[in-house]
Amino acid sequence: DVDVCVFLGAFPRGPGMERKDLLAKNAGIFKTQGKILDSIASRDVKVVVVGNPANTNAWVTQQCAPSIPPQNFTALTRLDANRAQNQIAMRVGVQPSAVSNATIWGNHSSTQYPDVSFARVNGFKDVYEAVGDKTWLQGDYIKTVQQRGASIIAATT
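Presented here is an overview of the structure given in this document. Here the residue index of a chain counts from 1 through its sequence in written order. It should be noted that, the model being predicted, local features are given only for residues of pLDDT at least 70 and side-chain atom pairs only at 80 or more, the latter also being counted only at that level, while totals for whole chains, interfaces and linings use all residues. Excluded from the side-chain calculation are hydrogens and water; included are all heavy atoms of the structure.

It is worth spelling out the overall build of the protein chain at this point. Secondary structure elements follow DSSP: runs of H or I of four or more residues count as helices, runs of E of two or more count as strands, with numbering from the N terminus. Within the protein chain, the secondary structure is distributed over six helices and eight strands. When the elements of the protein chain are put in sequence order from the N terminus, they spell out β-α-β-α-β-α-β-β-β-β-β-α-α-α. Structurally, the protein chain occupies a C-alpha span of about 55 × 35 × 20 Å along its principal axes. Accessibility here uses a 1.4 Å probe with only protein chains present; expressed as a share of the type maximum, an area under 20% marks a residue as buried, one over 50% as exposed, and anything in between as partly exposed. For the protein chain, the proportion of its 157 residues judged to be buried stands at 40%.

Here's what the structure looks like:
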């Protein structure tokens, strides 16, 4: 019996690919993995999906493993959270570790929403106060975080 399962692999995003392109490639992979997991894992298994788009891949896996409770599945979008945190840190001139509580809502795609409502710099300073530029936080910051994966792919091709 499997008690913990971490799905790291997924079809990688290539130039010009959006979430729907990744879904087409990854749906088959995660359907198969979900069915296998359902047949061999403990009913108490804890499942973490990291392969992007992680939230959707976790849902597909969960749907194909009906005997495992849905609450046992989660997805990590840590890369996006790190990108959001780093953009604030660069803007303020601190190390990324000085930025806390920056949150990403949604899937790993251009529709995700980086939320700084509860974010802090150095543990106490409100991000809006630390950055001092509400227009940037509500505009370019969001676009940069949403499009960072695409810009990295474009720069490496």
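Turning next to the environment of Asp 115. Tracing the chain through its elements places Asp 115 in strand S6 (residues 113–115). Judged by relative accessible area, Asp 115 falls into the buried class, the value being 12%. C-alpha separation for the pair Asp 115 and Tyr 141, spaced 26 residues apart in sequence, amounts to 10 Å. Apart from residues lying up to four places away in sequence, Asp 115 is in contact with Asn 101, Ala 102, Thr 103 and Trp 105. Whether two residues are in contact is decided by their heavy atoms: any pair within 4.5 Å suffices.

Another point: the sheet that holds strand S3 (residues 73–75). What the three strands build is an open sheet, ordered S1-S2-S3; its pairing is parallel. Here the strands that pair on one side only, and so sit at the sheet edges, are strand S1 (2–7) and S3. Direction aside, the axes of adjacent strands within the sheet are offset by 15° on average. Summarising the sheet, strand S2 (residues 41–49) and S3 pair through three bridges and their orientation is parallel. Bridge pairing in S3 links Val 48 to Thr 74. Docked against the sheet, helix H2 (residues 54–63) engages S1, S2 and S3, running at close to 160° with respect to S3. Paired strands, as defined in this entry, are two strands with at least two bridges between them according to DSSP. Only the stretch in contact is used when a helix axis is fitted, and all axes are lines through C-alpha atoms; the angle between N-to-C directions ranges over 0 to 180 degrees.

As a further point, take the side chain of Thr 61. One can find Thr 61 in helix H2. Every residue in contact with Thr 61, bar those within four places of it in the chain, is listed here: Phe 7, Phe 30, Gly 34, Leu 37, Val 49 and Phe 73.

Before going further, it helps to spend a moment on the nonpolar core. Formed by 18 residues in total, the largest nonpolar core has its most connected members in Ile 88, Val 116, Val 121, Val 127, Val 131, Leu 137 and Tyr 141. At the level of elements, helix H3 (78–92), helix H4 (127–131), helix H5 (134–138) and helix H6 (140–156) are the ones that each hand at least two residues to this core. It is H3 that provides the largest number of residues to this core, a total of four residues. The set of buried Ala, Val, Leu, Ile, Met, Phe, Trp, Tyr and Cys residues whose side-chain atoms join them within 4.5 Å is what this entry labels a nonpolar core. Counting 13 residues, the second-largest nonpolar core is a separate cluster that includes Phe 7, Val 45, Val 47 and Phe 73.

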